[in-house]
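# Structural features, examined
These are the residues of each chain, in order.
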Amino acid sequence: MRKMTGVGIGVTVLCVAGAVNAEEVMHPLKSEDEKVVEIAMYTARGKMPELKSAMAAGLDAGLTVNEIKEVLVQLYAYCGFPRSLNALGTFMTLLNEREAKGIRDNAGKLPGPLPTGRSIEFGTANQTKLCGAPVKGALFEFAPAIDRYLKAHLFGDIFSRDNLDWRTRELATIAALAAMDGVESQLNSHIAIGRHNGVTDVQIDWILEFVKGNSLSHFPRGGENTAYAKYFSGKSYLAKLTKDKHLHVPVSNVTFEPSCRNNWHRHTGGQLLIAVGGVGFYQERGKEARKLLPGDVVEIPPDVDHWHGAAPDQWFSHLAIECNPETNENTWLEPVSDADYLAATSGK
């Protein structure tokens, strides 16, 4: 049995052998949906360089131009016009650059006409259907204008646009709200709405953990660490912080998803690790594992077999500093077995 706990809301997913595939737990969304989550997260945080990369990856994964536009337009209702307008401007620049390179992206379909009648009426019907019941409360009696804007504009004018389904809209909304501070009540509400519209608990848990994994520290997370994937159990991400190996000591930020760890390995010149986010572990062969929290420093002597990675239920990020770079060589060894990993990390 494996347990994964969601961020801030106590969502707990129990995966019993034979009931839920482990890979489905860690990556339960199809590629296009993952990119919607990533696009919404970076839009909400206002991180335009990262958003530009995520949107390019989304187009490559099969999202259409109009689907991405629709996500960015909708998000103005959750993170404001400035974030939405900046994101749309970045997207326009990206499309122009791709077109100049001869890349023809699929435009996708435009939204059809809105339902007949007043937006306050079909918006109220949409809101009731989305939530599973009419939405009332003292806050809306206190400020009836906001109730009218929500029903007529958000759930009427926006959610009636049919080139993006409601489940996808909720994926984007949950990701955006999870990336913002001080909106826990709204996040919880949209988690419930997402469930009512086909987003599973496993998918919600993945979104929350993914957003958390991208906010571990002020250092960039970087792209997926595909070049070294064969030396890792699980998915990791790499951001090189220094560029020229001959002028600088190589420093990288390495981020591990929950339970990810690298193989046993050693460095002829040693290595320094500085934990900067989440919870991780470090172990030298023949010694007990050491739990790592932000601020912890690990000095790894030359030619010592070791591994490092994330806790079973936490993302983890550390700076990796290569000592003696001109002569330092890395030797990769065997993977850390599941049994050895669980023994090293349990009870700590």
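Criteria and cut-off values
Residues numbered from 1 in each chain as written. Predicted model: local features only at pLDDT ≥ 70, side-chain atom pairs only at ≥ 80, totals over all residues. Heavy atoms only, no water. Salt bridge = Lys/Arg side-chain N within 4 Å of Asp/Glu carboxyl O. Helix = DSSP H or I, 4+ residues; strand = E, 2+ residues; numbered from the N terminus. Buried < 20%, exposed > 50% of the residue type's maximum accessible area, 1.4 Å probe, protein only. Pairing = 2+ DSSP bridges. Core = buried A, V, L, I, M, F, W, Y, C linked by side-chain atoms within 4.5 Å. Contact = heavy atoms within 4.5 Å. Phe/Tyr/Trp six-rings, centres within 6.5 Å; stacked < 30°, edge-to-face > 60°. Lys NZ or Arg CZ within 6 Å of the ring centre and 35° of its normal. Expected span 1.5 Å × (residues − 1). Polar contact = N/O pair within 3.5 Å; in protein donor to acceptor, adjacent residues only side chain to side chain.

Using the criterion set out here, one finds 16 salt bridges in the structure. Among the salt bridges present, the one from Glu-70 reaches Arg-161, with a minimum N-O distance of 2.6 Å. With a gap of 91 residues between them, Glu-70 in helix α4 (residues 65–74) and Arg-161 in the loop between α9 (144–158) and α10 (166–178) connect regions that are remote in the sequence. In this structure Arg-161 comes out as partly exposed when scored by relative accessible area, which is 29%.

Bringing the pairing of strand β6 (residues 251–256) into the picture now. Most of β6 sits inside the fold, with six of its six residues counted as buried. Relative to strand β14 (residues 316–322), β6 is paired through six bridges, and the arrangement is antiparallel. When the bridges of β14 are listed, Phe-256 appears paired with Phe-316.

With that settled, the discussion passes to the nonpolar core. Side chains of a nonpolar character, in soluble globular proteins, are inclined to be buried together. Ranked by size, the top nonpolar core spans 55 residues in total, and within it Ile-39, Met-55, Ile-68, Phe-91, Phe-159 and Ile-207 carry the most contacts. Among residues more than four places away in sequence, those in contact with Ile-68 are Ile-39, Met-55, Leu-59, Leu-63 and Phe-91.

Applying the stated criterion to the full structure yields 10 aromatic pairs. When the centroid spacing of 4.9 Å and the interplanar angle of 15 degrees are considered together, the rings of Trp-206 and Phe-210 count as stacked. Of the two residues, Trp-206 and Phe-210 are both situated in helix α12 (residues 201–213); the distance of four residues between them amounts to about one turn of the helix. Side by side, Trp-206 and Phe-210 carry an identical accessibility label, which is buried. Note on Tyr-231 and Trp-332: the rings are 4.6 Å apart at their centroids and 5 degrees apart in plane angle, and the pair reads as stacked. Of this pair, Tyr-231 sits in the loop between β3 (223–224) and β4 (232–233) while Trp-332 is found in strand β15 (residues 330–332), placing the two residues 101 residues apart along the sequence. Among the residues examined, Tyr-231 registers a relative accessible area of 22% and is labelled partly exposed. Every member of this aromatic cluster is reached through a ring pair, and the members are Tyr-228, Tyr-231, Phe-232, Phe-256, Phe-316 and Trp-332. The ring centre of Phe-159 lies 5.6 Å from the NZ or CZ of Arg-169, which sits over that ring. Just above the ring of Trp-264 sits the side chain of Arg-285; from NZ or CZ to the centre is 4.4 Å.

The next point concerns α10. The end-to-end C-alpha distance of α10, which contains 13 residues, comes to 18 Å, matching closely the 18 Å that a straight helix rising 1.5 Å per residue would cover. Counted residue by residue, α10 has 11 buried out of 13 residues, so it is predominantly covered. Along α10, the positions that sit buried rather than exposed are Trp-166, Thr-168, Arg-169, Glu-170, Leu-171, Ala-172, Thr-173, Ile-174, Ala-175, Ala-176 and Leu-177. Residue Asp-165 occupies the N-cap position of α10, its side-chain oxygen lying 3.1 Å from the main-chain nitrogen of Arg-167.

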